[in-house]
Amino acid sequence: MYQSIRSALSLCLILQLPTFVLIGCGEGDKMPDDTAIDESSTDTAVDEPVAFVETDVWGNDEDGVQFSGPNGLAVDTDGNVYSTEFVGGYLRKFTSDGGLELEVGGAGSEAGMLSSPIGVAVAPDGSMYVSESGTSRVSQFGPDGVFRNAWGDSGSEPGQFRSAMGIAVSSAAEVFVADFGNHRVQVFDGDGVFLREWGQAGTGSGEFDNPIGLQIGPDGDVWVVDSGNERVQVFSQSGDLRRIIEDVGPGPEILSINDSGEFYIASPWSDSVVRHFDADGQLLGFVGEDLVGPHGTVTGPSGALYVAETMSDVIRVFAPR
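Focus: the overall build of the protein chain
Argument step 1. On a plain count of helices and strands, the protein chain comes out with one helix and 25 strands.
Argument step 2. Relative to its 321 residues, the protein chain shows a buried fraction of 59%.
Argument step 3. Considering only contacts in the protein chain between residues 6 or more positions apart, those separated by 24 or more positions represent 47%.
Argument step 4. Counting only carbon and sulfur atoms, one obtains 46% of the accessible surface of the protein chain, whose full area is about 12,700 Å².

Concerning the sheet that holds strand 6 (residues 100-105)
Argument step 1. As summarised here, the arrangement of the four strands in space is 3-4-5-6, forming an open sheet in which the pairing is antiparallel. Each edge of the open sheet is held by one strand with a lone partner, namely strand 3 (70-75) and strand 6. Recorded for the sheet is a direction-independent mean angle of 20° between the axes of neighbouring strands.

Overview of the packing of aromatic side chains
Argument step 1. In total, this model carries 14 aromatic pairs according to the counting rule given.
Argument step 2. For the pair Trp151 and Phe188, a centre-to-centre distance of 5.5 Å together with 50° between the ring planes defines the contact as tilted. One end of the pair, Trp151, is in strand 10 (residues 147-151); the other, Phe188, is in strand 13 (residues 184-188), and 37 residues separate them in sequence.
Argument step 3. Classification of Trp151 by relative accessible area gives buried; the value is 8%.
Argument step 4. One aromatic cluster is present, built from ring pairs that chain together Tyr129, Trp151, Phe161, Phe188 and Phe194.

Notes on the side chain of Ser127
Argument step 1. On the secondary structure map, Ser127 appears in the loop between strand 7 (117-122) and strand 8 (128-132).
Argument step 2. Using a relative accessible area of 1% as the deciding quantity, one classes Ser127 as buried.
Argument step 3. A polar contact is formed between the side chain of Ser127 and the side chain of Asp125, at a distance of 2.9 Å.
Argument step 4. The residues touching Ser127, leaving out its near neighbours within four places in the chain, are Ala121, Val122, Gln140, Phe141, Gly142, Pro143 and Arg148.

Description of the confidence of the model for the protein chain
Argument step 1. Within the protein chain, residue pLDDT values average 87, and 84% of them lie at 70 or more.
Argument step 2. Counting interchain partners and residues more than four positions distant, the pLDDT-below-50 stretch residues 1-8 has 12 contacts.
Argument step 3. Confidence drops under pLDDT 50 across residues 10-47; counting only partners more than four residues distant or on other chains, this segment forms 74 contacts.

As for the nonpolar core
Nonpolar side chains in soluble globular proteins generally cluster together in the buried interior.
Argument step 1. Counting 18 residues, the largest nonpolar core has Phe176, Trp198, Leu214, Val222 and Val224 as the members making the most contacts within it.
Argument step 2. Elements supplying a minimum of two residues to this core: strand 11 (164-169), strand 12 (175-179), strand 13, strand 15 (211-216) and strand 16 (222-226).
Argument step 3. With three residues, the top contributor of residues to this core is strand 15.
Argument step 4. Residues within four places of Trp198 in sequence aside, it is in contact with Phe176, Arg184, Val185, Val187, Phe208, Val222, Phe235, Ser236, Gln237, Ser238 and Gly239.

What about the pairing of strand 8?
Argument step 1. Burial within strand 8 is extensive, with five of its five residues counted as buried.
Argument step 2. Both strand 7 and strand 8 contribute to a ladder of five bridges, which runs antiparallel. Looking across to strand 8, one finds that Ala121 is bridged to Tyr129.
Argument step 3. Between strand 7 and strand 8, which follow one another and run antiparallel, lie five residues, and Gly126 among them has a positive phi close to 95°.
Argument step 4. Across five bridges, strand 8 lies against strand 9 (residues 137-141) in antiparallel orientation. Bridged to Tyr129 within strand 9 is Gln140.
Argument step 5. Between the end of strand 8 and the start of strand 9, which pair antiparallel, lie four residues, with Ser136 showing a positive phi angle near 55°.

Looking at the sheet that holds strand 2 (residues 52-58)
One key point about sheets: their strands pair by backbone hydrogen bonds, in either a parallel or an antiparallel sense.
Argument step 1. What the four strands build is an open sheet, ordered 2-25-24-23; its pairing is antiparallel. Pairing within the sheet leaves two strands with one partner each, and these edge strands are strand 2 and strand 23 (294-299). Strand-to-strand, the axes of this sheet are offset by a mean angle of 25°, without reference to chain direction.
Argument step 2. Taken together, the five bridges between strand 24 (residues 305-309) and strand 25 (residues 314-320) define a ladder with antiparallel strand orientation. The residue bridging Val307 from the neighbouring strand is Arg316, located in strand 25.

Quick notes on the environment of Ile315
Argument step 1. Structurally, Ile315 can be placed in strand 25.
Argument step 2. Taking the C-alpha atoms as reference points, Ile315 and Gly59, 256 residues apart in sequence, are found 6.7 Å from one another.

Quick notes on the pairing of strand 20 (residues 263-267)
Argument step 1. For strand 20, the buried fraction is high: five of the five residues fall into the buried class.
Argument step 2. The alternating pattern of strand 20 places Phe263, Ile265 and Ser267 and Tyr264 and Ala266 on opposite faces, both of which are buried.
Argument step 3. Relative to strand 20, strand 19 (residues 254-257) runs antiparallel, the two sharing four bridges. When the sheet's bridge partners are listed, Ile257 is paired in strand 20 with Phe263.
Argument step 4. In sequence, strand 19 turns back onto strand 20 through a hairpin of five residues, with Gly261 there showing a positive phi of about 90°.
Argument step 5. Alignment of strand 20 against strand 21 (residues 273-277), held across five bridges, turns out to be antiparallel.

What counts, and where the lines are drawn
Residues numbered from 1 in each chain as written. Predicted model: local features only at pLDDT ≥ 70, side-chain atom pairs only at ≥ 80, totals over all residues. Heavy atoms only, no water. Helix = DSSP H or I, 4+ residues; strand = E, 2+ residues; numbered from the N terminus. Buried < 20%, exposed > 50% of the residue type's maximum accessible area, 1.4 Å probe, protein only. Contact = heavy atoms within 4.5 Å. Areas by Shrake-Rupley, 256 points an atom, 1.4 Å probe, with all protein chains shown as cover. Pairing = 2+ DSSP bridges. Axes fitted to C-alpha atoms, helices over the stretch in contact; angles between N-to-C directions. Phe/Tyr/Trp six-rings, centres within 6.5 Å; stacked < 30°, edge-to-face > 60°. Polar contact = N/O pair within 3.5 Å; in protein donor to acceptor, adjacent residues only side chain to side chain. pLDDT = per-residue confidence, 0-100. Core = buried A, V, L, I, M, F, W, Y, C linked by side-chain atoms within 4.5 Å.

If you want it as structure tokens, here you go:
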């Protein structure tokens, strides 16, 4: 299963995006004088995992949900957890302790089905948005799971994607999407109407090399994992660059941020770990041990950390000690 899912994901990206090769960060443009660069390095990594203990594993019970490539995760204000499956194509909603509340989708390109979904986000009204790398679109479902809308197709015009990846919804119900192959962030209203975009291919400040993960922090800023440049860039919701956090590990993909501004970054293919950073970008340590292809992460209101272990077809739950 490990090799089949990894091969499927790699093939999907390679077929659509021949440039999907992580490269080192070259010299970029200088930052404006009023923009800070965080140069903290993962060279100071600790040897032991951070103070988390694994409390549960979803998907290893034959009588429960059986995942097929779980990857994207989100959580709502009530602590419910949402997950997508890259292979299976399902969008599911769980209670915080793993009880299945809702299941929609399934692998496919028809309306209401999901083709190689990557990210999931929940709007203030409970609507769910899923980014699909297979069809280069975003699908919207109501709080009850009923399919509402989909937008986007393959291309480089506004509203088109070359693999829609990370996705997040602001408190104002604007939808932010990491457009992987077009090296940009696009913003839409809740019905899919294009509003604005920023970014282009490059290594300079505000430029991207295959952005994947995208989240909105507790202060409303938009955090983007600039995977090819192995860094995180933080922007205002209008696209103004706030700061750059360098050295977040090899092959970074998906991130999550807790209410204190601490963040977690998964590197599923390079070294198969989840790194934990403080709000200033200083590496605190690692979550879990011997993870196999960890992809999505998300923190719940109780402080629990959920990790989608794509290659093992499980979601692991950790709690602070």
